[in-house]
Amino acid sequence: MIGVSVMLVWRHRWPVWISLGAILFTLLIPTTPLPMLIALAASVAAVDGRRRWALIGGSYLATIVTFVWDLSAPTSYLAMWVDKPAVGTPERWALLWAVPVIAAMVVLPFAAVGIVRHLRAERDAAQQETVAAERNVQALHREVDLERHRRELARELHDTLAARLSTLSLH
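Remember, it's a predicted structure, so these values are computed and weren't measured experimentally.

Novice: Describe the overall build of the protein, naming the residues involved and giving the relevant values.
Specialist: Per the secondary structure count, the protein includes 6 helices and 0 strands. When each of the 171 residues of the protein is scored for burial, the buried share is 26%. In the protein, 64% of the contacts between residues at least 6 apart in sequence involve partners at least 24 apart. With an accessible surface of roughly 12100 Å², the protein has 67% of that area assigned to carbon and sulfur atoms.

Novice: Describe in detail helix α6 (residues 99-170), supporting the description with residues and values.
Specialist: Compared with an ideal rise of 1.5 Å per residue, which puts 72 residues at 106 Å, α6 spans 105 Å between its outermost C-alpha atoms and is within 8% of the ideal. Where α6 bends most, the angle comes to about 25°, and this point is Leu108, followed within four residues by the proline Pro109. Those residues of α6 lying buried are Val99, Ala103, Val107, Ala111, Gly114 and His118. Check the buried side of α6 and you find it contacts α3 (34-46) and α4 (50-72).

Novice: Please set out the environment of Thr63 residue by residue, giving values where relevant.
Specialist: Inspection of the secondary structure assignment puts Thr63 in helix α4. Of the residues examined, Thr63 reaches a relative accessible area of 0% and is grouped as buried. Spatially, the C-alpha atoms of Thr63 and Ile23 are 8.8 Å apart, while their sequence positions differ by 40 residues. Residues in contact with Thr63, not counting those within four places in the same chain, are Pro33, Met36, Leu37, Ala103, Val106 and Val107.

Novice: Could you give an account of the environment of Leu55, naming the residues involved and the relevant values?
Specialist: As for its position among the elements, Leu55 is in helix α4. Of the residues examined, Leu55 reaches a relative accessible area of 5% and is grouped as buried. As for Leu55 and Ala41, which are separated by 14 residues in sequence, their C-alpha atoms are 9.9 Å apart. Those residues within four positions of Leu55 in sequence are excluded, and the remaining contacts are Val16, Ser19, Leu20, Ile23, Leu40, Ser43 and Val47.

Novice: Break down the nonpolar core for me, citing the residues and quoting the values.
Specialist: Proteins that are soluble and globular tend to have nonpolar side chains buried together. With 14 residues, the main nonpolar core has Ile23, Met36, Leu37, Leu40, Leu55, Ile56 and Val107 as its most contacted residues. Where this core is concerned, the elements lending two or more residues are α2 (15-28), α3, α4 and α6. With 5 residues, the single largest contributor to this core is α3. Core analysis: the second largest hydrophobic core is formed by 7 residues, Ile64, Phe67, Leu78 and Ala103 among them.

Definitions and cut-offs
Along every chain, residues carry numbers that run from 1 in the direction the sequence is written. A pLDDT threshold of at least 70 governs which residues receive local features in this predicted model, and a stricter bar of 80 or more applies before side-chain atom pairs are shown or counted, although totals over entire chains, interfaces and linings include all residues. Side-chain metrics rest on all non-hydrogen atoms present in the structure, leaving aside hydrogens and water. Where helices and strands are cited, they refer to DSSP runs of H or I of at least four residues and of E of at least two residues respectively, numbered from the N terminus. Type-normalised accessible area, obtained with a 1.4 Å probe on protein chains alone, sets the label of each residue: buried when under 20%, exposed when over 50%, and partly exposed for intermediate values. The contact criterion used throughout is that any non-hydrogen atoms of two residues lie within 4.5 Å. Note that accessible areas follow from Shrake-Rupley with a 1.4 Å probe, and for residues the cover is restricted to the protein chains shown. Here a helix's expected span is defined as the number of its residues, less one, multiplied by 1.5 Å. A residue's bend is the angle separating two fitted axes: one through the seven residues that end there, the other through the seven that start there. Joining through side-chain atoms within 4.5 Å is the link that ties buried Ala, Val, Leu, Ile, Met, Phe, Trp, Tyr and Cys residues into a set, and such a set is a nonpolar core.

Right under this line is the structure:
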């Protein structure tokens, strides 16, 4: 349990590696898929494309394996929801059809949280870029206004100086 806690603390530093380790741990040892699913949300937020879908698929597979192990255990949490059939009975194994559906319902919220976090990070980055671009545009507008003002002053000085020089040359 200490290892799982440390992994969950590090899930934001090395999200993909922690998620892969949690998937492997969940595939090899009959345990709860919750730490793997928490790591999944962090890793899905950090990556995109094929790696994201590979992590979601691996977590889905590990969750299915976990639920199959649960059905084969003497005290099955999935079997408790229906008539509590005994281990090894056809009624218990008839619940196997529900395992992929339940696994999808369990993995989907964690994957969705990760995807939403990723989209929010992209939105925030785009907003920051927009704000920076607006600042640049405003700075350019100020520079254009200053340049226009300088040219007007230069024209006025030129006209004034030309008029005085013309007057001086007439005198």
